[in-house]
Amino acid sequence: MSTTVSSTSETATTAGARAHARAQHGRTAEFMRHQPASTSPSAPAGVPAGALVWSETVAPSGYTSAVLARGTRIRLTDTDGDACAHLLLHRADATYERLNVADTVKVPWQAYLGTGHPLLSGFGRALATVVADTSTRHDALTGTSTRTGNTERYGAAAPESASPAGRELFTLAALKHGMDRRDLPPSVSFFQGVRVDADGTLRWLGSAGAGTTVDLLLHVDAIVLLANTAHPLDPRPRFTCSPLQVHAWPASTDLDRLVSGDLLGPLGPEHTQAIVNTDADLTARGQL
């Protein structure tokens, strides 16, 4: 008669627990951060895996965060067509300076995010610029989902539930960087579009389809918070979300090309001034 040793008995002793833990080394999962990033199985075309500083697949209803240097290029990919990347940015060295969605919409005179759009702080400085976009389905008007809203729609909103609210996920991400709910302003979201009708109604456009990407270029050292959860205006009765791929790599020369006009063409005066404001602040801090 054969006997089966349970995993519980295998880890009942310190030695057994250590052996079990070490046996997990090198194993991978579908939704995980690749450590080091150079082990990424999905490096973007034209970007050597060895250049990556961040590679991760964020699960539907998951969240992630990272601290990244000025000049880093971040690519978000909606692999299956139902991701919704809710984004917040904070200055890494001064977290009180963070994404200001009102100024991000008002200063460049454009409510709809796309290539060439700056993401601004409340200090009139550029935190990042959207430097590539194959989706065009984004939202800077609605913000992310809330506990009350998701509970009413889906019956649950907690981070561990099947329908977590974006604000709850952002809270967990913020806590990992010494911040809390008071540090969470309105966010922007990518891959689920919203437009304003003539009567002021916000109209959900949904996704542009699978495989679309958005690239952000950081102007400052930044804390990046991402929550991948259903858009609050998504009319589908069931909570719907799909994986989000994240890759990042150093691209400081792109900052020079952006300012010179070689990357996207001439920038608008408001965008240019925001970059000047950012660079002046970095110079005063001895960081430039």
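Since the model is a prediction, treat every value here as computed from it, not as a measurement. (Residues numbered from 1 in each chain as written. Predicted model: local features only at pLDDT ≥ 70, side-chain atom pairs only at ≥ 80, totals over all residues. Heavy atoms only, no water.)

To continue, consider the pairing of strand S2 (residues 62-68). Within S2, 5 of the 7 residues are buried, which leaves it mostly tucked inside the rest of the structure. Of the pairings in the sheet, the one linking S2 to strand S13 (residues 222-228) comprises 7 bridges and is antiparallel in character. Looking at the pairing, Gly 62 lines up with Asn 228 of S13. (Buried < 20%, exposed > 50% of the residue type's maximum accessible area, 1.4 Å probe, protein only. Helix = DSSP H or I, 4+ residues; strand = E, 2+ residues; numbered from the N terminus. Pairing = 2+ DSSP bridges.)

Another point: the state of the cysteines. Counted by the stated rule, this structure contains 0 disulfides. Cys 241 takes part in no disulfide bond, and the closest cysteine sulfur, belonging to Cys 84, lies 7.0 Å away. The exposure class of Cys 241 is buried, given its relative accessible area of 16%. (Disulfide = S-S within 2.5 Å.)

A few words now on helix H5 (residues 166-175). Counting buried positions along H5 yields 7 of 10 residues, so the element is predominantly enclosed. Within H5, the full set of buried residues consists of Gly 166, Glu 168, Leu 169, Phe 170, Thr 171, Ala 173 and Ala 174. Elements that come into contact with the buried residues of H5 comprise S2, strand S4 (85-91), helix H4 (147-154) and S13. (Contact = heavy atoms within 4.5 Å.)

What follows covers the UniProt feature "domain: DUF1989" (unreviewed entry) in the protein. Using the residue numbers shown here, the UniProt feature "domain: DUF1989" (unreviewed entry) corresponds to residues 56-223. For residues 56-223, the end-to-end C-alpha separation is 16 Å, with 14% helix and 38% strand making up the annotated structure. (UniProt positions renumbered as here; feature names shortened; annotations may be inferred.)

Moving on, we get to the environment of Leu 264. As for its placement among the helices and strands, Leu 264 is situated in the loop between helix H6 (252-260) and helix H7 (269-284). For the pair Leu 264 and Val 131, spaced 133 residues apart in sequence, the C-alpha separation works out to 7.2 Å. Ignoring anything within four residues of it in the chain, the contact list for Leu 264 reads Thr 115, Gly 116, Val 130, Val 131 and Leu 258.

This structure, assessed with the given rule, holds 2 aromatic pairs. Ring plane angle 55 degrees and centroid distance 6.0 Å describe the contact between Tyr 96 and Phe 123, whose orientation is recorded as tilted. Within this pair, whereas Tyr 96 is found in strand S5 (residues 94-98), its partner Phe 123 is found in the loop between strand S6 (118-120) and strand S7 (126-133), the two being separated by 27 residues in sequence. Its relative accessible area of 53% is what places Tyr 96 among the exposed residues. In this structure, Arg 195 is placed above the aromatic ring of Tyr 112, and the distance from its NZ or CZ to the ring centre is 4.0 Å. (Phe/Tyr/Trp six-rings, centres within 6.5 Å; stacked < 30°, edge-to-face > 60°. Lys NZ or Arg CZ within 6 Å of the ring centre and 35° of its normal.)

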